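The lines below spell out each chain.
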Amino acid sequence: MTDQEIRAAVDADVPVVEAVIDAAFRPYIARIGLVPAPMEADHAANVAAGRVFVTGEPVTGLVVLEEHADHLYLDAIAVRPDAHGQGVGRRLLHFVDARARELRLPEVRLLTNALMWENQKIYPKYGYEVVERRMDGPYDRIHYRKRLA
């Protein structure tokens, strides 16, 4: 695999999936006062279900996707902090769009914690629009969608 390729994660990737998600989300714990939901996900189950796609050798970023009848849900996107600014996130977001089109799904949905304000600057640049902001349990979340042509 080249550094640019994106592939389905395999069981052997579970430790690195956990490490990338931990590195990407740990800095937010102090800000939001909670452990971000992606850090508590069952990564082994997500990998086994074919929901995780990774990029880089070694892995620098990943997405967790969930197929629904009317949309593709971007459950998590994570880039190792030492790989920020290298286009990893951009490549992953383009992959998500391509995957949704491949599955013939008309839109991609995602959510982010309202206190992860960096994301609120990033997602609109990639065509995402805010659908709503609401409390989901202890999490103050902003829900987005991107309609695909």
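Up top is the structure these notes are about.
A brief report on the enclosed structure follows. Starting afresh in each chain, residues are numbered from 1 along the sequence in its written order. Note on the predicted model: pLDDT of at least 70 is required for a residue's local features to be given, and 80 or more for side-chain atom pairs to be given and counted; whole-chain, interface and lining totals, by contrast, use all residues. The basis for every side-chain value is the complete set of non-hydrogen atoms in the structure, without hydrogens or water.

**Observations concerning the nonpolar core**
Then comes step 1: Among buried residues, those of type Ala, Val, Leu, Ile, Met, Phe, Trp, Tyr and Cys that are joined through side-chain atoms within 4.5 Å constitute a nonpolar core. Think of it in three bands: residues with accessible area under 20% of the maximum for their type are buried, residues over 50% are exposed, and the middle band is partly exposed, with areas taken using a 1.4 Å probe on protein chains only. Among the nonpolar cores identified, the biggest contains 23 residues, and Val63, Leu65, Leu74, Val96 and Tyr128 are the most heavily contacted of them.
Then comes step 2: Counting from the N terminus, the helices are the DSSP runs of H or I reaching at least four residues and the strands are the DSSP runs of E reaching at least two. Every element with two or more residues in this core is listed here: β3 (61-67), β4 (72-79), α4 (88-102), β5 (107-113) and β7 (139-147).
Then comes step 3: By residue number, the principal contributor to this core is α4, which donates six residues.
Then comes step 4: Here a residue-residue contact requires only that any non-hydrogen atoms of the pair lie within 4.5 Å. Other than its neighbours up to four places away in sequence, leucine 74 contacts Val63, Val64, Leu65, Leu93, Val96, Val108, Arg109, Leu110 and Tyr128.
Then comes step 5: By size, the runner-up hydrophobic cluster in this structure holds 19 residues, among which are Ile21, Val54, Leu62 and Ala76.

**As for the pairing of β3**
Then comes step 1: For β3, the tally of buried residues reaches five of seven residues, placing the bulk of the element in the interior.
Then comes step 2: Here a strand pair is declared whenever DSSP counts at least two bridges between the two strands. One ladder, built from four bridges, connects strand β2 (residues 52-55) with β3; its direction is antiparallel. The partner of valine 52 across the bridge, within β3, is valine 64.
Then comes step 3: The hairpin turn running from β2 into β3, its antiparallel successor, is five residues long, and glycine 56 in that turn takes a positive phi close to 95°.
Then comes step 4: Here seven bridges tie β3 to β4, and the two strands are oriented antiparallel to one another. Across the sheet, residue leucine 65 finds its bridge partner in β4, namely leucine 74.
Then comes step 5: Taking the residues that link successive antiparallel strands as the turn, the β3-β4 hairpin has four residues.

**Structural notes on the side chain of arginine 99**
Then comes step 1: On the secondary structure map, arginine 99 appears in helix α4.
Then comes step 2: The class of arginine 99 is buried, set by a relative accessible area of 18%.
Then comes step 3: Leave out the neighbours within four places in its chain, and arginine 99 touches Phe53, Leu65, Glu67 and Leu72.

**Considering the pairing of β5**
Then comes step 1: Taking burial as the measure, the seven residues of β5 include five buried ones, the bulk of the element.
Then comes step 2: Relative to β5, β4 runs parallel, the two sharing three bridges. Counted as the bridge partner of tyrosine 73 is arginine 109 from β5.
Then comes step 3: Direction of pairing for β5 relative to β7: antiparallel, over a ladder of seven bridges. In the sheet register, glutamate 107 faces β7, and the bridge partner there is arginine 147.

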